[in-house]
Structure formats: C-alpha cells, structure tokens
Number of protein chains: 2
Amino acid sequence: MSRDGSSAEPNRGGNATFERLADATAATGADAFVHVGDRFDDDLRYLTRFAGPDRDYAFVSVDGRATLCAPRLFAEQAKREFPGAVVPAGESSASSAAGRALEVLGERLPSPLEDAYVLALPSMPAGATRAIAAAVDEVALEPIDLGRARKTTAERDRHAFVQRAAQRGMARAEAVLAAATAVTAENDWCDELRWRGDPLTTERLRREVNAVLARFGVRDAGNTVIGAGATCADLHFIGEDRIGPGETVLLDLSPRGPRGYYADLTRTFVVGEVGEWERRTYDAVAEAQDAAFDVLRGGAGTRAADVHEAATGTLAEYGFESGDVDVGMYHGTGHGVGVSLHEAPSLSSEGPLEAGHVVTVEPGVYDPDRGGVRLEDFVVVTDDGYENLTAYPCEIEPDPDRIEMVSDTSD
Amino acid sequence: MSRDGSSAEPNRGGNATFERLADATAATGADAFVHVGDRFDDDLRYLTRFAGPDRDYAFVSVDGRATLCAPRLFAEQAKREFPGAVVPAGESSASSAAGRALEVLGERLPSPLEDAYVLALPSMPAGATRAIAAAVDEVALEPIDLGRARKTTAERDRHAFVQRAAQRGMARAEAVLAAATAVTAENDWCDELRWRGDPLTTERLRREVNAVLARFGVRDAGNTVIGAGATCADLHFIGEDRIGPGETVLLDLSPRGPRGYYADLTRTFVVGEVGEWERRTYDAVAEAQDAAFDVLRGGAGTRAADVHEAATGTLAEYGFESGDVDVGMYHGTGHGVGVSLHEAPSLSSEGPLEAGHVVTVEPGVYDPDRGGVRLEDFVVVTDDGYENLTAYPCEIEPDPDRIEMVSDTSD
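(A) Structural context of the overall build of chain A. Each helix and strand in chain A was counted, giving 9 helices and 19 strands. Here the C-alpha radius of gyration of chain A, 24 Å, is about what a compact globule of 411 residues would show, namely 22 Å. Viewed in the frame of its principal axes, chain A has a C-alpha envelope of about 75 × 45 × 35 Å. Expressed as a percentage of contacts within chain A between residues at least 6 apart in sequence, the contacts between residues at least 24 apart total 64%.

(B) Expanded view of the pattern of salt bridges. Counted according to the given criterion, the structure contains 58 salt bridges over all chains. A salt bridge links Arg148(B) to Asp43(B); the shortest N-O distance between them is 2.5 Å. Note that Arg148(B) is positioned in the loop between β6 (138-141) and α6 (153-179) and Asp43(B) in helix α2 (residues 42-48), a separation of 105 residues in sequence. Across the pair, Asp43(B) and Arg148(B) agree in class, each one buried. One network of salt bridges, with partners in common, ties together Asp43(A), Arg148(A), Lys151(A) and Glu343(A).

(C) The sheet that holds strand β9 (residues 198-199) of chain B, seen in detail. Residue and element names in this part refer to chain B. Ordered in space as β7-β8-β9, the 3 strands form an open sheet in which the pairing is antiparallel. Unpaired on one side and paired on the other, β7 (181-184) and β9 mark the two borders of the sheet. Looking at chain direction, β7 and strand β8 (residues 191-195) are connected through 4 bridges and run antiparallel. Bridge pairing in β8 links Thr184 to Asp191.

(D) Quick peek at helix α9 (residues 304-317) of chain A. Residues and elements named next belong to chain A. Residues Ala304, Ala305, Val307, His308, Ala310, Ala311, Thr312, Thr314 and Leu315 constitute the buried set of α9. For α9, the elements touching its buried residues are α8 (276-296), β14 (343-346) and β16 (364-367). Note on α9: the residue one or two positions beyond its end, Gly319, has a positive phi of about 85°.

(E) Expanded view of the confidence of the model for chain A. Residues and elements named next belong to chain A. On average, residues of chain A score 91 in pLDDT, and 91% of them are at 70 or above. Of the regions scoring below 50 in pLDDT, residues 1-13 engages in 23 contacts with residues more than four places distant in sequence or in other chains. Below pLDDT 50 for its whole length, residues 407-411 participates in 10 contacts with residues either more than four positions away or in separate chains. For this predicted complex, the interface confidence score (ipTM) comes to 0.91, while the overall pTM stands at 0.92.

(F) Geometry of the side chain of Thr67(A). Residue and element names in this part refer to chain A. You can see Thr67 is positioned in strand β3 (residues 65-71). A relative accessible area of 0% places Thr67 in the buried class. Among the polar contacts listed, one links the side chain of Thr67 to the side chain of Arg108, at a separation of 3.0 Å. Excluding residues within four positions of it along the chain, Thr67 makes contact with Ala58, Phe59, Val60, Phe82, Ala85, Val87, Val104 and Arg108.

(G) Summary view of the relation of the copies chain B and chain A. Rotating chain B by 180° and moving it 0.0 Å along the rotation axis overlays it on chain A with an RMSD of 0.0 Å. In the structure described here, the two chain copies are related by an operation that fits a two-fold rotation axis. Taken together, the interface assignments show that 100% of the residues at the interface of chain B recur at the interface of chain A, consistent with an identical surface on both copies.

(H) Representation of the packing of α6(B) against helix α7 (residues 202-215) of chain B. All names here are of chain B. Two elements in contact, α6 and α7, have axes whose closest approach is 8 Å; the angle formed by their N-to-C orientations is 145°. By crossing handedness, the relation of α6 to α7 is classed as right-handed. Contacts between α6 and α7 involve Ala165, Ala166, Arg168, Gly169, Arg172, Ala173, Val176 and Leu177 on the former and, on the latter, Leu205, Glu208, Val209, Val212 and Leu213. Broken down by class, the residue content of the contact of α6 with α7 amounts to 9 nonpolar, 1 polar and 3 charged.

(I) How the structure looks around the interface of chain B and chain A. Tallying the contact residues gives 52 residues for chain B and 52 residues for chain A. Between chain B and chain A, the buried area comes to about 4,600 Å², and carbon and sulfur atoms account for 48% of it. Counting across the interface, chain B meets chain A through 6 salt bridges. The residue Arg72(A) makes a salt bridge to Asp324(B) at a minimum N-O spacing of 3.5 Å. Inspection of the region where chain B meets chain A yields 18 residue pairs in polar contact (both at pLDDT 80 or more). Within the residue set of the side of chain B that touches chain A, elements represented by two or more residues are α3 (75-81), α5 (126-133) and α7 of chain B. Sort the elements by how many residues they give to the side of chain B that touches chain A and α7(B) lands first, with 7 residues. When its residues are assigned to classes, the side of chain B that touches chain A shows 19 nonpolar, 14 polar and 19 charged.

(J) Layout of the environment of Phe59(A). All names here are of chain A. Relative to the helices and strands, Phe59 resides in strand β2 (residues 57-62). Along the backbone, Phe59 and Val86 are 27 residues apart, and their C-alpha atoms lie at a distance of 9.5 Å. Residues within four places of Phe59 in sequence aside, it is in contact with Phe18, Leu21, Phe33, Val34, His35, Leu44, Leu47, Thr48, Ala66, Thr67 and Phe82.

(K) Structural detail: the pairing of strand β15 (residues 358-361) of chain B. Residue and element names in this part refer to chain B. Burial along β15 is two-sided: Val358 and Thr360 facing one way and Val359 and Val361 facing the other are all buried. Examined bridge by bridge, β15 and strand β18 (residues 377-382) share 4 bridges and lie antiparallel to one another. Bridging from a neighbouring strand, Thr360 pairs with Phe378 of β18.

(L) Structural detail: the packing of helix α7 (residues 202-215) of chain A against α7(B). Taken N-terminus to C-terminus, the directions of α7(A) and α7(B) make an angle of 170°; their axes are 8 Å apart at the nearest point. By the angle between their directions, the pair α7(A) and α7(B) is classed as roughly antiparallel. Facing Arg207(A), Glu208(A), Asn210(A), Ala211(A), Ala214(A) and Arg215(A) of α7(A), the residues of α7(B) in contact are Arg207(B), Glu208(B), Asn210(B), Ala211(B), Ala214(B) and Arg215(B). Of the residues assigned to the contact of α7(A) with α7(B), the class counts are 4 nonpolar, 2 polar and 6 charged.

(M) Here's a closer look at unusual backbone geometry. Residue and element names in this part refer to chain A. Cis geometry marks the peptide bond from Ala344 to Pro345; its omega dihedral reads 0°. Positionally, Pro345 belongs in strand β14. Despite not being glycine, Arg196 has its phi angle at roughly 55°, a positive value. Looking at the secondary structure, you find Arg196 in the loop between β8 (191-195) and β9 (198-199). Note on Arg196: relative accessible area 48%, which makes it partly exposed. One non-glycine residue, Ala221, lies in positive phi territory at about 60°. Within the element layout of this structure, Ala221 appears in the loop between α7 and β10 (225-228). The class for Ala221 is buried, based on a relative accessible area of 10%.

Parameters at a glance
Residues numbered from 1 in each chain as written. Chains lettered and ligands numbered in written order. Predicted model: local features only at pLDDT ≥ 70, side-chain atom pairs only at ≥ 80, totals over all residues. Heavy atoms only, no water. Helix = DSSP H or I, 4+ residues; strand = E, 2+ residues; numbered from the N terminus. Rg over C-alpha atoms; globule rule 2.2 N^0.38 Å. Contact = heavy atoms within 4.5 Å. Salt bridge = Lys/Arg side-chain N within 4 Å of Asp/Glu carboxyl O. Buried < 20%, exposed > 50% of the residue type's maximum accessible area, 1.4 Å probe, protein only. Pairing = 2+ DSSP bridges. pLDDT = per-residue confidence, 0-100. Polar contact = N/O pair within 3.5 Å; in protein donor to acceptor, adjacent residues only side chain to side chain. Least-squares fit on C-alpha atoms with pLDDT ≥ 70 in both. Axes fitted to C-alpha atoms, helices over the stretch in contact; angles between N-to-C directions. Left-handed = near helix turned anticlockwise from the far one by under 90°. Nonpolar A, V, L, I, M, F, W, Y, C, P; charged D, E, K, R; others polar. Buried area = accessible area lost by both parts, 1.4 Å probe. Parallel < 35°, antiparallel > 145°, perpendicular 65-115°, else oblique.

This is the structure we're talking about:
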C-alpha cells in the first residue's frame with residue numbers, strides 16, 4: 001500500500017461519487033446528505049476512502065460539496081485519504097459526531113438549519129439520527145444507490161491485486177495438502193493426515209494460508225473458511241477440525257486489500273484416494289460453474305438469475321437439488337463483491353447484470369454426512385462478456401508443484 | 001480456536017451477561033431489550049459471542065431470556081457460539097432483522113406488542129429502530145452499561161493469548177531490524193537500511209509481523225501501525241515509508257484473537273547509532289511509563305486520571321509538553337481494551353479503576369520533525385495492584401537474539 005495513494009487516483013473518482021450522491025440527494029428533494037459511522041461501515045468507507053478509527057465520525061454532503069468530520073488524532077490520515085474537505089472533530093461518541101455534522105450543515109446550508117430536509121442511510125446509528133433530527137426539519141432514511149455495484153477500472157485493479165494474493169494463499173494450502181501423509185491414527189478407528197509430524201487440522205492449514213496472505217500485504221479478515229468432510233457443509237466454518245484422507249477439504253479465501261476491496265476464491269481438494277461421491281460431486285460442480293460461465297458470456301444485460309438457474313439446472317442433471325434443502329446446493333450461485341464481501345448484485349436477482357459488476361461464481365454441493373464441494377471464481381462483467389480475475393486451476397487432487405506460485409514468499 | 005469453544009465456557013458466563021442486561025432493562029422500566037447489527041458491532045459480539053455474518057441480525061432479551069435471530073445459512077455457527085436460543089431468520093436487510101426481532105418479541109412478551117416499551121442502544125441502525133418503533137409503544141435509546149469493562153478470568157486469558165502472539169510479531173520485527181544494514185543510498189543524500197538486499201520499509205516490516213501473527217492464529221486486523229522517523233508522529237500510520245538508520249521505528253501491534261479480544265503492544269527501536277534526542281526521549285517515555293505503573297500499583301479504587309497525570313508529570317520534568325500540542329504527548333496514557341480495541345475506561349477519566357479493567361499504559365512523545373517514541377504495555381487491574389500481560393523488554397537497540405522467541409514459526 002502506498003503511503004497515501006491519492007496521487008494514483010486524484011479527486012476525479014471521488015468527485016464522481018460525490019456528484020452521484022448530490023444527484024441522488026437532489027432527486028429526493030433533500031437539502032443535504034449526512035452519514036455517521038465508524039471504520040466498519042462500508043458505505044462510509046466507499047464514500048470517503050477513509051480507513052478511519054473504530055469510533056464514529058461524520059460525512060456531510062451539500063450540493064456536491066463533501067466534508068469529512070474526522071477525529072482530531074486521525075485528521076492527518078483523513079487528509080491523505082479523503083478527496084474532499086476535512087474538519088477535525090474532537091469528541092468520540094456518535095452523538096458528538098452528529099453534533100459536528102450539524103455544525104458543518106449550519107455553515108454550508110444557505111437556509112436555516114431548522115428548515116433543512118436531510119437525507120440519510122437507514123444504517124446510520126439511531127442515536128446520531130435522533131440528534132440530527134432534533135435540530136433539522138426532517139431526516140429521511142432512504143437506501144439510496146451510491147453506485148457501489150459498478151466498479152471503476154481502479155476498483156477492478158484493486159480486486160485483481162487481492163485475488164492474486166488469495167491465489168498465493170491457496171497455492172500454499174495445496175502444497176501443504178500435497179505434502180501431507182496418511183497414517184493410521186493412534187485410536188485406530190480411522191486414518192488421519194499428518195504434516196510435519198503432527199495431525200493436519202483446518203486451523204493449521206488456515207494459519208499457513210493467512211501467513212502467506214499477510215506476506216502479500218492483504219488481511220485474511222477472519223474469512224479464511226476451511227472445512228474438512230462434514231464441516232464443508234457448514235458454509236462458514238472457521239473452527240478446528242481434523243483433516244482425513246479421502247474427505248473433501250474446502251477452502252474459501254476472502255481476504256481484504258489495503259484499500260478495502262475484497263477477493264473471493266474457493267477450491268476443494270481430496271488428499272489420497274478420491275471416492276466415487278467426491279469425484280462425481282466435483283465433476284457436477286465444475287460443470288455447473290461452466291454452465292454459469294456460458295450464461296455470463298452474454299455480458300451486460302444478462303438476467304442475473306439466469307446464471308444461477310444454469311448452475312442449478314446442471315446440478316439437477318446429476319440429481320442434486322437446490323434451494324432450501326439439506327443435501328445439495330443451499331446457497332446462491334454468486335454475489336457482488338466490493339468494499340463489502342457481500343454486496344449487490346446477487347446472481348439470484350431478476351435485474352440485468354451491468355458492466356463493472358464484480359461477482360463471484362460459486363456453485364456448491366453439500367451433504368452433511370459426506371462433505372462438500374464448492375468452486376468459486378471472481379469475475380468482472382463487461383459489455384460483451386466477462387473478465388475472470390481468477391487464474392487458478394480446478395483439480396481435485398492437490399498438486400505439489402503449485403507451491404512454485406508462492407516461492408517468493410519463503411524465508 | 002476450538003471448533004465451538006462452548007464447552008470450555010458454558011452458558012454461565014453468557015447468563016451472567018444476560019442477567020446484567022435484564023437488570024439494566026428492568027431498571028429503565030422497559031419490557032425488553034433489542035439490538036440489531038452485524039459482525040462489526042462489538043456490543044453485539046459481546047452480548048452474543050457470535051462472530052456473525054457481514055449483514056444485520058437481531059438480538060432480543062425479555063426477562064433475561066436471550067434470543068438470537070441468525071441468518072439461516074449461519075444458524076449452525078450461531079448454535080455453536082451463542083449461549084441462548086437461536087431462531088433462524090431468512091432475510092438479509094436491517095429492517096427484516098428488525099422484523100424477525102418483532103416476531104420474537106410478540107412471542108415472548110406477556111402483553112400486546114403495541115404496548116411494549118423497548119430499550120435499545122443508540123448504535124442500533126436507524127432503519128431497524130424505525131421499524132421496531134412503528135410496531136411498539138416506545139423505543140428508548142440508552143447507552144446502558146453491559147459490563148464490558150470488567151473482564152472475567154476467561155476474558156483475561158483471551159487477552160493474554162493474543163498479547164503473546166503480539167509479542168511474537170514484535171520479536172520478528174526486532175530480528176529484522178537487527179539484521180538490517182545501513183548503506184549509502186544511490187542518490188547519495190542519505191543512508192538507508194537494507195534487508196535481504198532491498199530497502200527496508202514500514203510495509204515490508206509490517207508483512208513480516210503480520211505473517212507471524214497469522215501463524216499464531218490471530219489477525220492483524222489492519223492495526224499493525226509502523227512509523228519511521230517523521231511518520232512515528234502520525235499515531236496510526238499504516239502506510240509505506242523508508243526506514244533509515246538512526247531514526248525511530250515505532251511498532252504498535254493490536255491484533256485480534258479468534259474469540260474477538262484484542263491485544264495492544266508498542267515498542268520503539270533505533271537501528272545504528274542512537275542520537276541524543278532519540279535516547280533522551282526514549283528515557284523520558286520509559287520513565288513516564290514507570291511512573292504510570294507506580295500509580296497503578298494502587299489497584300482498584302485508583303483514580304484513572306492519576307495514571308495519566310503521573311506520566312505527563314514525568315515527561316514535563318524532561319521538558320515535554322502534553323495535551324493539544326504539536327510536539328510532545330498529544331494523546332492519553334491509556335484506554336480499555338476488550339472486544340473493541342478502544343473501550344472504557346480511559347486513563348484520563350475521573351472515575352476509579354476497577355478490578356478486571358484491562359487497560360493499555362502507553363506514554364509517547366512525538367516531534368514531527370524528528371520522530372516519535374511510544375512504549376505500551378497491556379495490564380489487568382486487580383484489587384491490590386495490576387497484572388502486566390506483557391513480558392517484552394524495552395530496549396531501544398534491536399536485539400538479534402529476540403528471534404528465538406519466534407523460532408517455532410520458521411518453516
């Protein structure tokens with residue numbers, strides 16, 4: 001991450017966002033837009049580019065003029081990151097962030113503050129909303145479209161950077177799995193995998209992956225999902241489980257880059273002999289993903305749900321059900337990714353895909369008694385198709401040579 | 001992290017929290033407590049222990065009976081982590097989390113929903129608050145004390161675990177600094193430090209630290225602050241800067257553990273010859289920290305601000321100012337840490353310290369033209385003193401043998 005990055009992308013991009021926000025505000029008849037939140041509020045991150053502290057700060061927009069009320073100790077960082085005016089705010093609570101926002105509103109608005117009609121997002125804290133509502137005529141809570149779903153070229157590049165790091169992490173996992181050996185466990189009731197002398201667990205594998213992500217300058221963000229056998233059927237398993245030979249090992253990596261953008265990559269492996277259920281399920285999921293890509297080749301204008309239906313249709317040919325089921329595919333085929341890991345559009349939605357949409361393509365099949373397979377790539381929709389930001393092979397057997405992809409991370 | 005961890009700490013701890021919440025709710029005359037938020041809401045994390053998804057879910061408490069409305073795909077995880085009743089919620093928006101909360105309220109409350117007086121935190125999203133307020137008699141927004149500041153023994157242990165990982169990360173940084181060599185840069189106007197053939201930067205050092213944190217099962221959480229020279233004066237510098245010989249290198253590590261608890265550790269080093277300003281400033285800060293510890297020896301009942309005043313008093317003897325200054329100590333001496341990196345109590349507050357408070361002790365002195373020094377330990381207040389969770393020496397010159405602390409992380 002560069003020291004400030006603002007030289008790589010000057011005010012123009014920020015101003016485009018501010019202009020879109022000003023248009024959306026004007027369309028509702030509001031005099032101003034206000035938002036209050038902390039570093040974990042992704043709308044605020046998107047609007048301000050400010051990584052921010054873990055306490056509330058305020059953003060104010062009046063006629064396209066954007067102001068960030070940053071806590072005093074973070075004012076320098078705010079000036080580096082925010083493409084608008086920064087005013088310091090000394091206090092730390094939500095209501096005082098709101099108080100500072102009201103001061104800025106009072107200065108910027110041409111008419112008295114008590115006559116103001118203010119637009120805000122429903123995610124704004126209730127306390128801040130109440131404080132602002134007490135000082136103005138009305139606060140309207142509207143989930144306005146900030147334009148987050150349609151990525152710019154700069155945003156696409158940030159996603160691609162993080163996805164490359166995710167691929168390095170995946171290669172590390174694949175190398176570890178390839179190096180693991182099956183032994184008969186002491187209790188003698190099942191075989192287990194060992195690596196470097198100790199039982200291989202999802203947590204050991206996770207730490208290996210996360211160390212590689214860190215070396216490439218991205219954060220695992222608590223999202224390194226690794227399941228083994230039955231725990232693959234838990235879509236978000238971040239706990240510890242023994243990894244055995246012959247069972248599916250599902251890795252879903254969603255690291256976050258220094259500018260806040262996420263990646264998303266899932267592969268599934270089996271160490272040792274691949275059983276019939278595992279092989280057939282893998283083939284079904286891979287074919288479902290191919291079917292999804294076939295639809296995505298239509299590019300912008302494609303009905304999003306057609307992608308999901310292509311995937312589930314292929315799975316149905318293999319006898320796997322979809323929807324609210326206990327065995328089969330019980331999630332959507334994909335979701336948008338940006339400064340949030342999950343955002344619009346959903347590949348189950350009726351709306352058309354648009355150029356710049358960044359979406360996952362991730363069919364999966366699970367059987368809590370056997371395991372689960374999911375394969376996930378990460379693409380940008382274009383006018384006449386899509387660009388896959390993923391360049392990682394899909395092979396059920398871990399390849400020991402994949403480690404070459406991460407050779408430059410070794411000590 | 002264990003697969004669920006609930007066996008290590010059964011319902012009792014959760015019930016104590018729920019009972020405290022029930023008492024606080026009853027004290028306001030409210031019939032129920034409701035909160036809505038996502039995985040980034042630390043109050044919700046504390047109340048539920050549920051690491052949760054990145055979309056809103058709801059928590060409801062009626063007469064000490066706690067219910068978590070978890071999104072369907074996260075219901076299994078919720079059942080592992082939440083020490084109360086889990087009901088699935090199918091939808092993803094804040095208002096539908098509120099809708100599910102209203103259904104639970106309707107089932108649990110003895111009187112009609114429209115007569116209910118509901119207590120909520122000011123941090124609840126305004127949209128969810130509006131939806132609930134429309135269905136009940138009144139929603140009162142109150143910043144009630146959930147008891148987060150007073151840690152249990154189990155919480156203390158989680159903090160200690162993460163602080164040990166932070167120390168491993170610091171040892172890695174110290175080893176890298178000790179191995180760096182000063183060379184005359186190509187442009188010949190200043191010396192620079194090189195490590196493994198390339199210029200050593202704050203970002204390279206950060207990646208080394210973060211990889212070690214990952215290997216020990218904790219997340220850097222975007223908090224690996226590393227400054228060099230002038231950027232030490234930026235208290236939250238997470239960008240890239242060249243590291244030169246003779247300048248201060250400030251590392252402030254605040255990783256987060258798998259159960260959500262943070263650590264906090266800061267050390268400052270100088271590679272090569274230590275200049276007069278750097279040495280004297282280091283001595284002043286170390287002495288200020290000692291003075292703070294002297295006051296903390298009073299344990300529970302000590303006025304928190306006495307700790308801060310002891311530190312700033314010592315710095316004043318060295319001629320360093322404190323408060324709203326450009327050169328000197330322009331932050332507080334410490335803050336509480338828990339499932340938030342910054343929480344109550346502040347060591348600048350008038351209130352007495354209590355047993356179980358986990359606080360940082362981190363005096364610092366900065367001169368934007370020269371650099372900055374901060375030294376930070378992390379302690380638990382006890383009835384008759386404090387327990388320091390930190391066991392990392394304070395030495396300005398990096399010690400190459402510190403790497404032994406991380407020897408078990410090498411490949």
